[in-house]
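In case you want the letters, here they are:
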Amino acid sequence: MLSASSYKLAKRCVRRWAYKEICRLKEPETSATAFGTRGHEQAERFLRDGIAPDLHTPEGRLVYESIPFLPRPGEAAVEVPFAFELDGAWFYGRIDAIHEAECTKLDHKFVSSLDYAESPASLVRDPAAVLYTLAAPFWETTRLRWIYNLKKRKAGQKPSNPVDATLPLTDAKKTAREGLIPAWRLLSGVRALFAGQDPTEALPLLDAIPCNPHDCMAFNRPCPHLAYCSRENPGLLEELTRE
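Residues numbered from 1 in each chain as written. Predicted model: local features only at pLDDT ≥ 70, side-chain atom pairs only at ≥ 80, totals over all residues. Heavy atoms only, no water.

Asker: Can you lay out the side chain of D126 for me, pointing to particular residues and giving the numbers?
Answerer: Considering the arrangement of structural elements, one finds D126 in the loop between helix 5 (120-123) and helix 6 (127-134). Accessibility expressed as a relative area gives 4% for D126, which makes it buried. A distance of 3.2 Å separates a polar atom in the side chain of D126 from a polar atom in the side chain of K8. Of the polar contacts made by the side chain of D126, one reaches the backbone nitrogen of A128; its length is 3.0 Å. Each residue touching D126, except ones within four places of it in the same chain, is listed here: K8, E118 and W146. (Helix = DSSP H or I, 4+ residues; strand = E, 2+ residues; numbered from the N terminus. Buried < 20%, exposed > 50% of the residue type's maximum accessible area, 1.4 Å probe, protein only. Polar contact = N/O pair within 3.5 Å; in protein donor to acceptor, adjacent residues only side chain to side chain. Contact = heavy atoms within 4.5 Å.)

Asker: So, helix 1 (residues 4-12): which residues are in play, and what are the values?
Answerer: Of all the positions in helix 1, only A4, S6, Y7, L9 and A10 are classed as buried. Along its buried surface, helix 1 packs onto helix 2 (14-21), strand 2 (89-99), helix 6, helix 7 (169-193) and helix 9 (237-241).

Asker: I'd love a proper account of empty space enclosed by the protein, names of residues and values included.
Answerer: Enumeration according to the criterion identifies 2 cavities of 30 Å³ or more in this entry. When its volume is computed, the largest cavity comes out at roughly 90 Å³. Residues belonging to the lining of the largest cavity are distributed by class as follows: 7 nonpolar, 2 polar and 4 charged. For the second largest cavity, the calculated volume is near 40 Å³. Residue lining of the second largest cavity: M1, L2, W17, W184, L187, S188 and R191, and that is the complete set. When the residues that make up the lining of the second largest cavity are grouped by side-chain class, the tally is 5 nonpolar, 1 polar and 1 charged. (1 Å grid on protein atoms, 1.4 Å probe; cavity = no way out; pocket = protein on both sides within 12 Å on 5 of 7 lines; lining within 4 Å. Points joined across faces, edges and corners; volume = space filled by probe spheres on them. Nonpolar A, V, L, I, M, F, W, Y, C, P; charged D, E, K, R; others polar.)

Asker: Describe the pattern of salt bridges, and please don't skip the residues or the numbers.
Answerer: Using the criterion set out here, one finds 16 salt bridges in the structure. Among the ionic pairs, E44 bridges to R48, the shortest N-O distance being 2.8 Å. Separated by 4 residues within a single helix, E44 and R48 lie in helix 3 (residues 31-49), roughly one turn from each other. With a relative accessible area of 22%, E44 lands in the partly exposed category. Residue R48 is classed as partly exposed on the basis of its relative accessible area of 41%. Linked through salt bridges whose partners overlap, the residues forming this network are R12, R16, E27 and D215. (Salt bridge = Lys/Arg side-chain N within 4 Å of Asp/Glu carboxyl O.)

Asker: Account for the packing of helix 2 against helix 7, with residues named and values stated.
Answerer: Viewed as axis vectors pointing N to C, helix 2 and helix 7 meet at an angle of 50 degrees, and their least axial separation amounts to 11 Å. It follows that helix 2 is oblique to helix 7 by the angle criterion. Viewed along their axes, helix 2 and helix 7 form a crossing whose handedness is right-handed. Residues V14, W17 and E21 of helix 2 pack against L187, V190 and R191 of helix 7. Its residues assigned to classes, the contact of helix 2 with helix 7 shows 4 nonpolar, no polar and 2 charged. (Axes fitted to C-alpha atoms, helices over the stretch in contact; angles between N-to-C directions. Parallel < 35°, antiparallel > 145°, perpendicular 65-115°, else oblique. Left-handed = near helix turned anticlockwise from the far one by under 90°.)

Asker: For the nonpolar core, give the residues involved together with the corresponding values.
Answerer: Counting residues in hydrophobic clusters, the biggest one holds 52 residues, and the most contacted among them are W17, F84, F91, L134 and W146. Of all elements in the fold, only helix 1, helix 2, strand 1 (77-86), strand 2, helix 6, strand 4 (141-150), strand 5 (160-168) and helix 7 reach the threshold of two or more residues within this core. Top element by residues in this core is helix 7. It accounts for 9 residues. Once you skip the residues sitting within four places of it in the chain, F91 turns out to touch M1, L2, F82, A83, F84, L131, L180, I181 and W184. (Core = buried A, V, L, I, M, F, W, Y, C linked by side-chain atoms within 4.5 Å.)

Asker: Explain the packing of helix 3 against helix 4 (residues 58-66) residue by residue, including any values.
Answerer: The geometry of helix 3 relative to helix 4 is characterised by a closest axis approach of 9 Å and an angle of 50 degrees between their N-to-C directions. Viewed along their axes, helix 3 and helix 4 adopt a mutual orientation that is oblique. Viewed along their axes, helix 3 and helix 4 form a crossing whose handedness is right-handed. Only P58, E59, G60, L62 and V63 of helix 4 make contact with helix 3, whose side of the interface consists of F35, R38, G39, Q42 and A43. Here the residues of the contact of helix 3 with helix 4 are counted per class, giving 5 nonpolar, 3 polar and 2 charged.

As structure tokens, this is what we get:
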């Protein structure tokens, strides 16, 4: 099975994906991911139980600022897991919130800059947005709302910035067939090569899997696997799945 986050990791670097998924070497939690986890928890409690965000915390203040863009408490299902099959490929994940009355699926983002935000045009091709649209409950057209909460703001910027888009089910299937399903097939084949093998024994063999040297210092953070990765045999997921 493939999730949006796993697909994005493989798109960055297939070998880095293999270190995590085959050798079970977890990506270390950063201060940014910890902040996002806490923010998601407060948003979940507000939407599910009506518990006010904790204004003594920075993530709570951001959730408070996003309230005008959220359904009322009790109106949306939150942290909804999904798993489905399309053309023989299996996908899974968890949707932050589903507001069925508005045919809307939402995602909370906690970012340091709007440089990381999708535009309405790019959101409809975002892997998570595509999988959200294909996951039950699905409609002929799904409304998507990604709410970008800014941890650091420049003068004049708002703390909470929604990006809205609509994605027809037929378009989501087309995008999945163009990128997600070929990736699932490739990555499933890589998994099969190492099936039943001890992760420590598989580790030195992963140099045979293409890597992306440009990802070694992505976002000014060193890849956690630099100590044992050769950085040889470059290649990208798009190249490996190209027909």
